[in-house]
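Each chain is listed here by its residues.
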Amino acid sequence: MYSFMGGGLFCAGVGNILLIVSTATDYWMQYRQSSNYMHQGLWRYCMPGKCFPHNDSIAHLDATRALMILSLLACFIGIIIGIMAFIHYSSFDRFDKTFAAGILFFISCFLVFLAMAVYTGVTINYYGKRYGNWRFSWSYIIGWVSVVLTFFSGIFYLCAYRMHECPRSTNSH
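Attention in this report is confined to the structure presented alongside it.

Criteria and thresholds
Every chain's residues receive numbers from 1 upward, in the order its sequence appears when written. Two thresholds apply to this predicted model, a pLDDT of at least 70 for residue-level local features and 80 or more for giving and counting side-chain atom pairs, whereas whole-chain, interface and lining totals are computed over all residues. Side-chain figures throughout are based on the complete set of non-hydrogen atoms in the structure, without hydrogens or water. The way it works is that DSSP assigns letters per residue, a run of H or I at least four long becomes a helix, a run of E at least two long becomes a strand, and they are numbered from the N terminus. Each residue gets one of three labels from its accessible area relative to the maximum for its type: buried under 20%, exposed over 50%, partly exposed in between, using a 1.4 Å probe on protein chains only. We call two residues contacting when some pair of their heavy atoms lies within 4.5 Å. A pair of strands counts as paired when DSSP detects no fewer than two bridges linking them. Between N-to-C directions, angles cover 0 to 180 degrees, with each direction set by a line fitted to C-alpha atoms, over the stretch in contact for helices.

**Considerations on the overall build of the chain**
At step 1: Assigned secondary structure in the chain consists of 4 helices and 5 strands.
At step 2: Across the chain, helices and strands are ordered from the amino to the carboxyl terminus as α-β-β-β-β-α-α-β-α.
At step 3: The burial tally for the chain puts 40% of its 173 residues in the buried class.
At step 4: Within the chain, counting contacts between residues at least 6 apart in sequence, those at least 24 apart form 69% of the total.

**Considerations on the sheet that holds strand β4 (residues 50–53)**
At step 1: Strand order in the open sheet made by the 5 strands is β4-β3-β2-β1-β5, with antiparallel pairing throughout. At either end of the open sheet lies a strand with only one pairing partner, and these are β4 and β5 (134–136). Neighbour-to-neighbour, the strand axes of this sheet turn through a mean angle of 20 degrees, independent of strand direction.
At step 2: Judged from the 3 bridges that link them, strand β1 (residues 29–33) and β5 form a sheet pairing that is antiparallel. Considered in β5, the bridge of Q30 is made with R135.
At step 3: Each of β1, β2 (36–40) and β5 touches helix α3 (residues 97–130); the most contacted strand, β5, lies at about 175 degrees to it.

So, in structure tokens, the structure goes:
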């Protein structure tokens, strides 16, 4: 049980760090315009030597930002509850912390998956039709890696919950 919880905490910790890095950095997409490479993130776009905030309220960026921040919060709260379960913190005895942490990690996974899907769909439809020389960049890729890590965190914690709730009976027949 503790190995599952430890694996879940490790994946959640790394996944949360990657979520922070992905959300905060400006390399979600790179494109070439008038022989210069430019890049953009959720908060600003950058030309060679200078970055500018997104001034327009672009719906898909707003949705992606909100979903990424909610995912960060769910993962962070899941980590705190997961640590409490790991060290047997006795407050909230009727509240199964292992199960709650697993569910929070799945919620975080779902939210970041939605954020990545919104960004992907709109970017491909918009930039794919207008520009020929663009690509997703490392911040975007880190976002997808965090989807996988938060998913496995939920799996590990739900496996730990199942092991704790349903111990194998040792029948000596």
